[in-house]
Amino acid sequence: MSKTPLNAISPTRQEDFPEWYQQVVRASEMAENSEVRGCMVIKPWGYGLWERMQSVLDQMFKATGHRNAYFPLFIPLSHLQKEAEHVEGFAKECAVVTHHRLEMQDGKLVPAGELQEPLIVRPTSETIIGSHYAKWVKSYRDLPILLNQWANVVRWELRPRLFLRTAEFLWQEGHTAHETEEQAVEETEKMLRVYETFAHDYLALPVICGEKTASERFPGAVRTYCIEAMVQDRKAIQAGTSHFLGQNFAKASHIEFQTRQGTLEYAWTTSWGVSTRLIGTLLMVHGDDDGAILPPRIAASQVVIIPFIPKEEFRSSILKKAEEIASLLQATHYAGEPIRVEIDTRDINGSTKSWDWIKRGIPLRLEIGPRDLEAGCVALGRRDHPPKEKELVAIDRLPVRLPEILIEIQQNLLNRAKEFSLSHTYMIESKEEFYAFFTPNNSTKPEIHGGFALTHWNGSPEVEAKIKEDLKVTIRCIPFEDNPRPGICPFTGESSPQRVLFGKAY
RNA sequence: CGGGGCGUAGCUCAGCUUGGUAGAGCGCUUGGUUUGGGACCAAGAUGUCGCAGGUUCGAAUCCUGUCGCCCCGACCA
């Protein structure tokens, strides 16, 4: 007992944030590394989270007029070549399929049957979807096309990290084609707002919406919008993107239509996506030194009932009561849905079970033992409070009390994240201040430092590049502002149209 | 692709300098005692010490080669 560490996760966030993150992914049983470098196995608890994200987002996409379709995993090499910037952006990280058959030679399987044209495994699907849109679009009457696909994509990353950057990942990609530029821009903005709402309302994730600078733009896009979040080591993470592609891909794929005036014009297209990176973001924003903390609205299960069975004679009565409580909760609603509940019937020490669920980040634990049975109550532990803090709740009060607490947790996580993000965001006015802000005290093993800097910038790519070279700090976005206030760029002394958001990025 | 490091039980690692037939903790199995905060006792299972070659009576240990992985850099919606 004396060996029990203070926290479930070691090292702590303060001690070594990257290592803490890896331990949380493992301890929360979200995912593990596979034998293929850069690829991951998403375990049921992590995949359940993704299924929730899919389900909520899918409804939001449908509500905004989109439908799902599916396009192939393999893309002819020639397709990628059609859009010059796109090639430059993705060629280096493409997996290439060159053969279609294996033959046994000297007891070993070797690739045979070389393909006439190599296929790439999709790193994103603009080109192959574009080539089909070209067939479907003949007239302005065929527009808009509003499609989404749920898929896996492959980007051969050199330095993978579970959920944040893996060679293969899961995502959704929306692809739309429109008659006018205005409509396409409107779509791009609308879907960014969908992501913002989803992040805020479901993931309890405060995000900053804005536009990427040219250097951070999606290859081939005219404009890239993003939502940026701050995680607990004060770095920025891009949680979602929405691209206005102009007519670039329409030209490359020949998506042409006859206008109302009878002329021929290229369609205006957009694309937008979020990925399993959201899971990593969630862990890094809300997690603590005991593991994951999941917001109730997105958790695969919101409540776990943990039977404590000190003596065999209590087993059947406690398990029976656990079933009753589960049924009671399934008939109770939170956020417009039945509460998602499960019972941990594993035949192990109750407190071990409790710790397992703490590490997984389930919002609520209901512990039931003989004493509770007698008193008609449960011991309730909530994940946003310390592990040992318990509230005794009468079983017949649960249908009232649990929805209240779930609302509180959801709100509490959002508030905490907002406070954290705000307390590490500064208006920085001078170059000296800026450099000091982003320079760690210990250069060999940098401590958690910095944050977001809202600073004026004259719009020069050279200034941006110099800052990146000096500090590894980039412009995360040019925040959307109703009334942008001009000022002076501290790096050049020149005038600046508005403040932009600087930070170190994942 | 450059620089550094590491491959020993399911996991984390010790042993290697000074060669003598394989270890710890955790986990796992079985039995018992426990049980309101990550239990304890006892017994047990698990390794071609990354792979190949060499030196040697004898190699986890020394030498050569090779493969894989990790970290730093470069690169990256």
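Residues numbered from 1 in each chain as written. Chains lettered and ligands numbered in written order. Predicted model: local features only at pLDDT ≥ 70, side-chain atom pairs only at ≥ 80, totals over all residues. Heavy atoms only, no water.

**Here's the deal with the side chain of His 86**
For clarity, the cut-off: The secondary structure listing takes helices from DSSP runs of H or I that are at least 4 residues long and strands from runs of E that are at least 2 residues long, numbered from the N terminus. Working rule for contacts: check all heavy atoms of both residues, and any pair within 4.5 Å makes them a contact.
Positionally, His 86 belongs in helix 4 (residues 84-90). In this structure, His 86 is in contact with Leu 80, Thr 124, Glu 126, Thr 127, Phe 218, Pro 219, Gly 220 and Phe 249, ignoring residues within four places of it in sequence.

**Remarks on the packing of aromatic side chains**
Under the convention used in this document: Each aromatic pair joins two rings of Phe, Tyr and Trp (for Trp, the six-membered one) with centres within 6.5 Å, and gets the label stacked for planes under 30 degrees apart, edge-to-face for over 60, and tilted for any other angle. When accessible area is computed with a 1.4 Å probe and restricted to protein chains, residues below 20% of their type maximum are described as buried, those above 50% as exposed, and intermediate ones as partly exposed.
Within this structure, the stated rule accounts for 20 aromatic pairs. When the centroid spacing of 5.6 Å and the interplanar angle of 85° are considered together, the rings of Trp 45 and Trp 357 count as edge-to-face. In this pair, Trp 45 is assigned in helix 2 (residues 44-63) and Trp 357 in helix 10 (residues 350-360), connecting sequence segments 312 residues apart. What makes Trp 45 buried here is its relative accessible area of 9%. Since its relative accessible area comes to 3%, Trp 357 is described here as buried. Residues Phe 169 and Trp 171 carry aromatic rings whose centres are separated by 5.9 Å and whose planes lie at 90° to one another, so their mutual orientation is edge-to-face. Of the two residues, Phe 169 and Trp 171, both sit in the buried class.

**Description of the pattern of salt bridges**
Side-chain pairs of opposite charge can arise whenever the charged atoms involved come near each other. How we decide: Put simply, a salt bridge is a Lys or Arg side-chain nitrogen that is within 4 Å of an Asp or Glu carboxyl oxygen.
Counted by the stated rule, this structure contains 26 salt bridges. When the shortest N-O distance is used, the salt bridge between Arg 382 and Glu 408 registers 2.8 Å. Here Arg 382 is found in strand 20 (residues 377-382), whereas its partner Glu 408 is found in helix 12 (residues 398-423), with 26 residues between them in sequence. Here Glu 408 falls in the partly exposed class, since its relative accessible area comes to 36%. Within this structure, Lys 212, Glu 216, Glu 228 and Arg 476 form a network of salt bridges that share partners.

**Describing the protein's contact with RNA strand B**
Rule in force here: Residues are labelled near a given molecule or strand when at least one of their non-hydrogen atoms is within 4 Å of it. In the analysis that follows, any N or O atom pair within 3.5 Å is treated as a polar contact, provided that within protein one partner can donate a hydrogen and the other can accept it, and provided that, for residues neighboring in sequence, both atoms belong to side chains.
Contacts to RNA strand B come from 34 residues, most closely from Arg 37, Arg 155, Phe 308, Pro 310 and Asp 372. Counting only atoms of RNA strand B within 4 Å of the protein, the sugar-phosphate share comes to 34%. With respect to RNA strand B, the side chain of Arg 165 contributes an N or O atom lying 3.0 Å from a base oxygen. Between Gln 238 and RNA strand B, the recorded distance is 2.5 Å, taken from a side-chain N or O atom to a sugar or linking oxygen. Of all elements in the fold, only strand 8 (168-178), helix 10 and helix 11 (370-375) reach the threshold of two or more residues within the surface near RNA strand B. The greatest single-element share of the surface near RNA strand B, amounting to four residues, is contributed by helix 10.

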